[in-house]
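What the coordinates show
Here is what each chain is made of, one letter per residue.
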Amino acid sequence: MNFAVLQFPGSNCDQDCVHVLADVLGHSARLLWHKETSLGNADAVIIPGGFSYGDYLRTGAIARFSPIMHAVQTFAANGGLVLGVCNGFQILCEAGMLPGALIRNRSLQFRCENIFLKTETRNSPYTNAIPEKLMRIPIAHGEGCYFAQPDTLSRLKANDQILWRYVSAQGETTELANPNGSVDNIAGICNERRNIAGLMPHPERASEAILGCADGKSIFESIIAWQQQQAVAKAA
Amino acid sequence: MTRSITPEMVKQHGLTPDEYERIKSVLGREPNYTELGIFSVMWSEHCSYKNTRPLLKGFPTKSPRILVGAGEENAGIIDIGDGLAIAFKIESHNHPSAVEPFQGAATGVGGIIRDIFTMGARPICALNSLRFGELSSPEVRRLFSGVVSGIAHYGNCFGIPTIAGEVYFDKSYEGNPLVNAFCLGVLRHEQIARGAAKGIGNPVFYVGPATGRDGLAGAAFASQDLTEESAEQQRGAVQVGDPFMEKLVMEACLELLATGAVAGIQDMGAAGLTCSTCETAARAGTGIEIDLADVPQRAPNMTPYEIMLSESQERMLIIVKAGREAEVQRIFDKWDLPWSKVGVVTDTGRMVVKNHGQVVADIPAKKLADEAPIYQRDSREPAYLAGVRAFRWESDTTDAVSNLKTLLSWPTIASKNWVYRQYDHMVRDGSVVGPGSDAAVLRIKGDSLPPMPADSASRNGKVAEKFIALSVDCNASYVYLDPYVGGKIAVAEAARNLACSGATPLGTTDNLNFGNPHNPEIFYQLKESVRGLAEACRAFNAPVTGGNVSLYNQNPNGPIDPTPTVAMVGAIEKAEHITTQWFKDEGDVIILLGDLLDKEDPLLGLGGSAYLQAVHGIKNGTPPRIDLEREHELHQGLRSLIYAGGIKSAHDCSDGGFAVALAECCISHQLARETPRLLGADIDLSAFLEARLDALLFGEAQSRIIISVRPLDAVKVIERAKIIGIPVTRLGTVGGTALRIKTIKGEFSWPTSELHDFWWNAIAKLMS
């Protein structure tokens, strides 16, 4: 499968995504500079973490105007898979491709630590192959507090768009388990069509046993499995 | 504009009348005002080491692995095999952080990162060593939180994992915090870049953001005593950092270096344009001529003096091979970075600065860069040391249960999670062991390296995975109480931390933080601790590859404790050798390597101990002795045990002694937010019949390591340790929900959840 990993000048998790997709999972992953205008032969797009343009104004606020984002919007409008991780999630919200917004952490401090993530639905290209257990995955962000208006939230729930929540080691959505103050402990969502998703935690940092945990790999494996099912369905 | 130089101006620039005479003889005339400024920064301690150079000669600086040695370039470089190498260095930003903690610390990180990519290496991890006053003071809390968020801001945005560090709190640092920032980068041997202005006629480029008035003469500022007035007056001497800009400059420079179009490169750090121009010319034995009219300027009407002394951040000087200017233009345009051709390499040996064609400074480059006066300062044993030697702690009033909790919640010992959870310590997918174990362990892989030329055959070649371990250490109380022994222990502790992670030392970088060297007692501390550091670096085969000196660290109440911070880097041969400090499984056997008590004087470990400081409020007494040969044998022995397999954890005993180390083995494994993995332990010390309880539990005798092994392996490991010749004692087993220690004075028990709460939350509670 061909992944395109976007590279903004301030992206800093771009290489990590390529490393996991190519070196760990054995698929093709290519960096795509933000000034490019075409996604080429990409089957899926990853918008990685970092500080896209320094993010002094507002996270993701400038990145959404970059040339490559026009191509990404067209790609997504045709049903293409787009996953935003951390800053990538912020960019997708800023671009209006996902509902809601990510604001400053409740603690007003950057947080880098492992958290437990509960997968709320397996019904998506990003969660279909995740095993029935909690995932232990790191977060690393200063602005990861997910916020959405009540009507948006109800729509997210009604449409099964909440993919992941922050939970305790016992799987409960408690206040203490919430690292940033996100509404409803929301860590990741998808759009109504389910082809665009974003999450604050970093699955690419939890995809190898040597880094302490490989739970995050199943998110990428879900994308790959979904793509294969699509190909099989098409052929049939 | 000509101003004639008055004695008052000379004094304001921190130069002595003798130094001024020397300047006149170098120039053969009176300097003008711009030249005076240039000399003052280049001949400051920060740039010239004029007070410490004779001492630094005592450091071991050679090994077959060293590719670029101490003092040659912006950072030393060590071979790590398979054609790969690492560049690393530590540097202080103490004075700026005292004045403006956020920007001071942020630009400290930015500065050391630049030193590393200037060498052609890709920066892949950062460490820091911090010292503050006591957290009961609101001002100290402001400085502490400002420094930590400054480091976080710069490192996180740049995208470098801040993977380890240390933080101490002591009254002596009140008003004069220490911020020592370390960076390590990796590169291929053939990618080493040089800070030399080679090739007569080659154009000189300025790249990066425009020059402003910020950071004016920061190097000179760093080389004066910090006073209350100076803090306020010098606010303009603190630079403002832009980590996003730095990332762009780094990527662009590495991309440019890969083209082969670069003849020389140097960052504009301390003393900015001045230092980078004269040092590159001095290294190459050439001259350099620049015109300030071509330097991008942020503020209108800047004088040549201001432009030459500005320390605006994220700027680089690049000497390009003539005819290849277009490549610079192409790459810097790709990254949307400002660049400007500002000058040319000459054969005159002079640094000539023009402004719109008119000469404003004309100085022999080598004399300016390398021939600062050298001082042999007077040294006298500090008067307080007689009292230290006479001190004995006679009263054994230990309340073991409560004292251990006091020690674990003492900010210097308590978990630093409040600090490192603000740092991105995982970016780049290399952090195998992050903050919270004895040493951090980093994986080096293909994407850790700088880019190769587009046509290179090895561009897509596999790079052998490597593991390196890093630790930064200094117990300054020991150094204060015995500078020579304290210096040795600082190095020994770093080496021991590496050994506990499974690593063998490769090299050391040191940051000498001291008070005013004109005071003979301070100079004694400096001289003696350097002697101790040098001896220990030899003993552990960890040569010094570079470092930094920060003097004049005083506040109105006196000097800081002498703090020669030691950062050591080691190599781990195989992934399976990587070892962490926490206990792993119920039933494992706990073994001590080394002697629990000093055999000649069982009370010696109490001198300078955290126990005396935290429980009794006393910083006094002779610090523990250290036998470097035995210590080295211990490290070698531990490594051979680790290589043989079966060692599940290894943790050294340091601040707080045996009981604190043991507690840390039980409580320091944090699985995730709000989720520690706690394991109790049953320890039997009843064989130590004569021992006083305080010395037994909280004494800080050196050369001790707590390991845990599978029950099946215990006998084998103990036998092997005996054969190697290191003292070994079976202490007990891992398990249960409490730490229990049996002694002849009674049995003590602490629930691990309670110990964890004291230790994990202490700093957060003080900060809220």
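Residues numbered from 1 in each chain as written. Chains lettered and ligands numbered in written order. Predicted model: local features only at pLDDT ≥ 70, side-chain atom pairs only at ≥ 80, totals over all residues.

Observations concerning the sheet that holds strand 27 (residues 705-709) of chain B
Residues and elements named next belong to chain B. Strand order in the open sheet formed by 7 strands is 23-27-22-28-26-29-30, and the pairing between neighbours is mixed. Because the sheet does not close on itself, it has two edges, and the strands there are strand 23 (647-652) and strand 30 (746-751). Adjacent strand axes in the sheet meet at a mean angle of 20 degrees, parallel and antiparallel pairs treated alike. Two strands pair when backbone bridges link them, and strand 23 and strand 27 are joined in this way by 5 bridges, in the antiparallel orientation. Note on strand 27: the bridge partner recorded for S649 is S708. Packing of helix 20 (residues 483-501) onto the sheet brings it into contact with strand 23 and strand 27, and relative to strand 23 it is tilted by some 170 degrees. Its contacts with the sheet place helix 26 (residues 711-724) against strand 22 (589-593), strand 27 and strand 28 (728-734), and it is angled at close to 10 degrees to strand 22. (Pairing = 2+ DSSP bridges. Helix = DSSP H or I, 4+ residues; strand = E, 2+ residues; numbered from the N terminus. Axes fitted to C-alpha atoms, helices over the stretch in contact; angles between N-to-C directions. Contact = placed C-beta atoms within 7 Å.)

So, the sheet that holds strand 21 (residues 563-572) of chain B
Residue and element names in this part refer to chain B. Spatial strand order, 14-15-16-21-17-18: 6 strands in an open sheet with mixed pairing. Here the strands that pair on one side only, and so sit at the sheet edges, are strand 14 (431-433) and strand 18 (544-550). Here the average twist between neighbouring strands, direction ignored, is 25 degrees. In this structure, strand 17 (residues 504-513) lies alongside strand 18, joined through 6 bridges in parallel fashion. Along strand 18, the bridge assignment pairs T508 with V544. Along the sheet, helix 20 contacts strand 14, strand 15 (440-444), strand 16 (466-473), strand 17 and strand 21; its crossing angle with strand 21, the most-contacted strand, is approximately 25 degrees.

Details of the confidence of the model for chain B
Summarising the model, chain B shows a mean pLDDT of 94, and 96% of its residues fall at 70 or more. Here the predicted complex scores 0.96 on pTM and 0.97 on ipTM. (pLDDT = per-residue confidence, 0-100.)

Remarks on the interface of chain B and chain A
Residue-level contacts link 27 residues of chain B with 30 residues of chain A. Among the elements of the structure, helix 8 (138-158), helix 11 (243-259), strand 14 and strand 24 (669-672) of chain B are those that each provide at least two residues to the side of chain B that touches chain A. In terms of residue class, the side of chain B that touches chain A is made up of 12 nonpolar, 6 polar and 9 charged. (Nonpolar A, V, L, I, M, F, W, Y, C, P; charged D, E, K, R; others polar.)

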